Amino acid sequence: MAKNRICVWYDKDAEAAARFYAQTFPDSAVTAVHLAPADYPSGKAGDVLTVDFIVAGIPCMGLNGGPAFRQTEAFSFQIATEDQDETDRYWNAIVGNGGQESACGWCKDRWGISWQITPRVLTEAMAAGGDEARRAFAAMMEMTKIDVAAIEAARRG
């Protein structure tokens, strides 16, 4: 087990979420499912309590903790994409599976987890700084899903 991993709180569907991530993103897998040894505030003995999984190489644990805490955009997974096809594939998988669109390349999956589907061209433009970054940033601010061609055009001015 990794020394550090992300713990993501779910109401009750950690296993379904982890399996969706594993089939959607490369270098992802469900590695273990752990059942509760006794009743707990939001579940019974034998219910799925935690799920160990990997999302795009990052070790995670999903905790079925009940409805006490809700997800916010304060936590998100950021997935770097190489082109529009890859951007569309991940965006459409998340939104098309009961998720919802947000702004500037963000969306939420059906479990309320936020995702940033971020083409590398946008990250590179921001790293370039100056006018190039300002133009790319302004273009991004008008987008829901990132349009790679529009970011490339903004970079060029």
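Note that this is a predicted model, so its numbers are computed, not measured.

Novice: In this structure, what is going on with the sheet that holds strand 3 (residues 48-55)? I would like to understand it.
Specialist: Hydrogen bonds between backbone groups are what pair the strands of a sheet, and the pairing can be parallel or antiparallel. The strand order across the open sheet formed by four strands is 1-4-3-2, and the pairing between neighbours is mixed. A single partner strand is all that each edge strand has here, and the edge strands are strand 1 (6-10) and strand 2 (29-35). Neighbour to neighbour, the strand axes of the sheet diverge by 20 degrees on average, direction disregarded. One ladder, built from six bridges, connects strand 2 with strand 3; its direction is antiparallel. Note that in strand 3 the partner of His 34 across the bridge is Thr 50. Seen against the sheet, helix 1 (residues 14-24) touches strand 1, strand 2, strand 3 and strand 4 (58-64) and runs at an angle of roughly 15 degrees to strand 3.

Novice: Explain the sheet that holds strand 5 (residues 76-81) to me, please; I cannot follow it from the model alone.
Specialist: One open sheet holds the four strands; their spatial order is 5-8-7-6, and the pairing between them is mixed. Looking along the sheet, the strands with just one partner apiece sit at the ends: strand 5 and strand 6 (100-101). Here strand 7 (residues 106-108) pairs with strand 8 (residues 114-119) via three bridges, running antiparallel. Bridging from a neighbouring strand, Lys 108 pairs with Ser 114 of strand 8.

Novice: Looking at this structure, I do not really get the packing of helix 3 (residues 120-128) against helix 5 (residues 148-156). What am I missing?
Specialist: If you want to describe how two helices pack, look at the angle between their axes and the distance between the axes. Running from N to C, helix 3 and helix 5 point in directions that differ by 20 degrees, and their axes come no closer than 9 Å. On the basis of their axis angle, the class for helix 3 and helix 5 is roughly parallel. Between helix 3 and helix 5 lies a crossing of left-handed hand. The segment helix 3 lies against helix 5, with Val 121, Leu 122, Glu 124 and Ala 125 engaging Val 148, Ile 151, Glu 152 and Arg 155. Of the residues contributing to the contact of helix 3 with helix 5, the split by class is five nonpolar, no polar and three charged.

Novice: Before we go on, may I ask you to explain the environment of Ala 103 in this structure?
Specialist: Along the chain, the position of Ala 103 falls in the loop between strand 6 and strand 7. A relative accessible area of 36% means that Ala 103 is categorised as partly exposed. With 42 residues separating them in the primary sequence, Ala 103 and Lys 145 have C-alpha atoms 7.1 Å apart. Contact partners of Ala 103, with chain neighbours within four places excluded, come to Met 143 and Thr 144.

Novice: Help me understand the pairing of strand 8, please; the structure alone is not making it clear to me.
Specialist: Consecutive residues of a regular strand have side chains that alternate between opposite faces of the sheet. For strand 8, a buried count of six out of six residues is recorded, marking the element as mostly surrounded by other parts of the structure. A two-sided burial pattern is seen for strand 8, the buried positions comprising Ser 114, Gln 116 and Thr 118 on one face and Trp 115, Ile 117 and Pro 119 on the other. With six bridges joining them, strand 5 and strand 8 adopt parallel strand pairing. If you follow Phe 77 over to strand 8, its bridge partner there is Trp 115.

Novice: Could you clarify how one ought to interpret the side chain of Ser 28 in this entry?
Specialist: For Ser 28, the location among the structural elements is in the loop between helix 1 and strand 2. Within the local environment of Ser 28, its side chain forms a polar contact with the backbone oxygen of Phe 25, the two atoms lying 3.0 Å apart. In this structure the side chain of Ser 28 is engaged in a polar contact, spanning 2.8 Å, whose partner is the backbone nitrogen of Ala 56. Non-local contacts of Ser 28, meaning those with residues more than four positions away in its chain, are made with Tyr 21, Ala 22, Ile 54, Val 55 and Ala 56.

Scoring rules and cut-offs
- Residues numbered from 1 in each chain as written.
- Predicted model: local features only at pLDDT ≥ 70, side-chain atom pairs only at ≥ 80, totals over all residues.
- Heavy atoms only, no water.
- Pairing = 2+ DSSP bridges.
- Helix = DSSP H or I, 4+ residues; strand = E, 2+ residues; numbered from the N terminus.
- Axes fitted to C-alpha atoms, helices over the stretch in contact; angles between N-to-C directions.
- Contact = heavy atoms within 4.5 Å.
- Parallel < 35°, antiparallel > 145°, perpendicular 65-115°, else oblique.
- Left-handed = near helix turned anticlockwise from the far one by under 90°.
- Nonpolar A, V, L, I, M, F, W, Y, C, P; charged D, E, K, R; others polar.
- Buried < 20%, exposed > 50% of the residue type's maximum accessible area, 1.4 Å probe, protein only.
- Polar contact = N/O pair within 3.5 Å; in protein donor to acceptor, adjacent residues only side chain to side chain.

Scope: geometric values only; no functional claims are made or implied.
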